[in-house]
Amino acid sequence: MQTPHIKTPLPGPKAQAMLARDAQVISPSYPRDYPFVMSHGRGAEVWDVDGNRYIDFHAGYGANVVGHANPAVVRAVQHRVTKGTHFAQPSPRAAGSWD
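A brief report on the enclosed structure follows.

## Description of the packing of aromatic side chains
One pass over the full model with this rule turns up one aromatic pair. The interplanar angle of 90 degrees and the centroid separation of 5.2 Å between the aromatic rings of F36 and Y54 together place this pair among those described as edge-to-face. Linking F36 in the loop between α1 (13-25) and β1 (38-42) with Y54 in strand β3 (residues 53-55), this pair joins segments that are 18 residues apart in sequence. Its relative accessible area of 22% is what places Y54 among the partly exposed residues.

## Focus: the environment of Y54
The sequence separation of Y54 and G41 amounts to 13 residues, and the corresponding C-alpha distance is 9.3 Å. Excluding residues that lie within four positions of it along the chain, Y54 makes contacts with I6, L10, F36, A44, E45, V46 and D48. A polar contact is formed between the side chain of Y54 and the side chain of D48, at a distance of 2.9 Å.

## Regarding the pairing of β1
The side chains of a regular strand alternate between the sheet's two faces. Taken together, the four bridges between β1 and strand β2 (residues 45-48) define a ladder with antiparallel strand orientation. What sits directly across from M38, in β2, is D48. Between β1 and β2, which pair antiparallel and follow one another directly, the connecting turn spans two residues, one of which, G43, has a positive phi of 65 degrees.

## Structural notes on the pattern of salt bridges
Side chains that differ in charge, positive against negative, can pair when their charged atoms come close. What the rule picks out here adds up to two salt bridges. Here D22 ties to R32 by a salt bridge, and the two come within 2.5 Å at their closest N and O atoms. Of this pair, D22 sits in helix α1 while R32 is found in the loop between α1 and β1, placing the two residues ten residues apart along the sequence. For D22, a relative accessible area of 17% puts it in the buried group. Judged by its relative accessible area of 38%, R32 is partly exposed. A salt bridge links E45 to R53, with the shortest nitrogen-to-oxygen separation between them at 3.7 Å.

## Notes on the sheet that holds β2
Paired through backbone hydrogen bonds, the strands of a sheet run either parallel or antiparallel to each other. Pairing is antiparallel in the open sheet, where three strands are placed in the order β1-β2-β3. Every interior strand has two partners, whereas the edge strands, β1 and β3, have only one. Ignoring which end each strand starts from, the neighbouring axes of this sheet average 30 degrees apart. Examined bridge by bridge, β2 and β3 share three bridges and lie antiparallel to one another.

Parameters and conventions
- Residues numbered from 1 in each chain as written.
- Predicted model: local features only at pLDDT ≥ 70, side-chain atom pairs only at ≥ 80, totals over all residues.
- Heavy atoms only, no water.
- Phe/Tyr/Trp six-rings, centres within 6.5 Å; stacked < 30°, edge-to-face > 60°.
- Helix = DSSP H or I, 4+ residues; strand = E, 2+ residues; numbered from the N terminus.
- Buried < 20%, exposed > 50% of the residue type's maximum accessible area, 1.4 Å probe, protein only.
- Contact = heavy atoms within 4.5 Å.
- Polar contact = N/O pair within 3.5 Å; in protein donor to acceptor, adjacent residues only side chain to side chain.
- Pairing = 2+ DSSP bridges.
- Salt bridge = Lys/Arg side-chain N within 4 Å of Asp/Glu carboxyl O.
- Axes fitted to C-alpha atoms, helices over the stretch in contact; angles between N-to-C directions.

Put into structure tokens, the structure is as follows:
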């Protein structure tokens, strides 16, 4: 079935190239159930690298609750990331003095 939201045969040429590269360099212990290469998401929709648009029926934990790229979440992350992105708390053991 052809719709305005599907622009290429599936998987599209960009996705095919990325999946071929993936098969060469990624461990086979990380399986691929279907040939989908996501570019981005917004709300309940996702786009593949070839510009085809889908309804996200998978919807991981965060996207399931607030949608992809929820503006309030994006603002909160942008605000927080200006204060730093990784903080590792040193411990006495890490310093070699754990007794």
